[in-house]
Amino acid sequence: MTDQRTAPETMDETDVIDLLQAQHGMIRDLFDEVEQAPAGGRGEAFSRLVRMLAVHETAEEEIVHPYARRAIDGGDAVVDDRLAEENEAKEMLSRMDEAGPDAPDFMQNLAMLRAAVEAHARSEERYEFLQLLAHTSSAERRSMAAGVKAAEAMAPTHPHPGTESAVKNVLVGTPVAMMDRVRDVVRQAMGKNP
């Protein structure tokens, strides 16, 4: 199959691999922001990180992983490994989100979360994305990118461990996303970080 993914005019975020890798970079940048923020100013940066991770993982779970299960060699095993990593990170992130950035062990937990998230991203890029690139056309990857963007628009803004499948995300995701967004608005109105 001919792939013109490297041509400058196609190196934008219309390819799902480019989109997700760009998001992995944004996540690393958000970790940097949280780490570098003064103790009393971490809340806003941490809220952006929580939201980005929750939305990103939900979209991967709804769009990319189900496609990878069907399209790549050993897809079930590859995706099951990624889902286990995602659940572990979601559980850590959920505990940190509940405790908030003023918790005494916040920075220690942030370092553990960052290590887990970055290891997960490397595994996705190596074991899932490379195979997707080899086993899909540019049209399929553009279609998946559109699906990821649509899923992100409807995704919960906080982690919800235990919803790592596409079916659970679709069944639970919309009501949970609405509750998360209402919670964010209320927190913002009360002068707290979402």
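Residues numbered from 1 in each chain as written. Predicted model: local features only at pLDDT ≥ 70, side-chain atom pairs only at ≥ 80, totals over all residues. Heavy atoms only, no water.

(A) Representation of the overall build of the chain. From N to C terminus, the chain includes six helices and zero strands. The order of helices and strands in the chain, counted from the N terminus, is α-α-α-α-α-α. Put simply, the chain has 194 residues, and 45% of those count as buried. On the chain, roughly 9,700 Å² of surface is accessible, and the fraction owed to carbon and sulfur atoms is 57%. (Helix = DSSP H or I, 4+ residues; strand = E, 2+ residues; numbered from the N terminus. Buried < 20%, exposed > 50% of the residue type's maximum accessible area, 1.4 Å probe, protein only. Areas by Shrake-Rupley, 256 points an atom, 1.4 Å probe, with all protein chains shown as cover.)

(B) The confidence of the model for the chain, seen in detail. Mean pLDDT for the chain: 81, with 75% of residues reaching 70 or above. Here residues 1-12 is modelled with pLDDT under 50, and outside its nearest four sequence neighbours on either side it reaches 20 contacts, counting other chains as well. Taken as a whole, residues 165-187 scores under 50 in pLDDT and shows 45 contacts with residues more than four places along the chain or in a different chain. (pLDDT = per-residue confidence, 0-100. Contact = heavy atoms within 4.5 Å.)

(C) Main features of helix H5 (residues 138-154). The terminal C-alpha atoms of H5, which comprises 17 residues, lie 25 Å apart, in line with the 24 Å expected from a rise of 1.5 Å per residue. Buried residues of H5: Arg141, Met144, Ala145, Val148, Ala151 and Glu152, and no others. The buried residues of H5 occupy one face: seen down the axis, they fall within an arc of 130 degrees. Seen from the open side of H5, the exposed residues pointing more than 90 degrees away from its buried face are Ser143 and Ala153. (Expected span 1.5 Å × (residues − 1). Arc of directions from axis to C-beta.)

(D) Fine view of the side chain of aspartate 15. By the secondary structure assignment, aspartate 15 is in the segment before helix H1 (16-36). Within the local environment of aspartate 15, its side chain forms a polar contact with the backbone nitrogen of isoleucine 17, the two atoms lying 2.8 Å apart. (Polar contact = N/O pair within 3.5 Å; in protein donor to acceptor, adjacent residues only side chain to side chain.)

(E) Seen up close, empty space enclosed by the protein. For the structure shown, the criterion picks out three cavities of 30 Å³ or more. Put simply, the largest cavity is a space of about 90 Å³. Taken together, Leu53, Ala54, Glu57, Glu86, Ala89, Lys90, Leu93, Leu113, Val117, His120 and Pro159 form the lining of the largest cavity. Where the lining of the largest cavity is concerned, the elements lending two or more residues are helix H2 (42-71), helix H3 (75-99) and helix H4 (106-135). (1 Å grid on protein atoms, 1.4 Å probe; cavity = no way out; pocket = protein on both sides within 12 Å on 5 of 7 lines; lining within 4 Å. Points joined across faces, edges and corners; volume = space filled by probe spheres on them.)

(F) Broad picture of the pattern of salt bridges. This structure, assessed with the given rule, holds ten salt bridges. Of the charged contacts, one joins glutamate 44 and arginine 48 as a salt bridge, the two residues approaching to 3.2 Å between their closest N and O atoms. Linking glutamate 44 with arginine 48, this pair stays in helix H2, spanning four residues, or about one helical turn. Put simply, Asp32, Glu35, Arg114 and Glu118 are held in one network by salt bridges that share partners. (Salt bridge = Lys/Arg side-chain N within 4 Å of Asp/Glu carboxyl O.)

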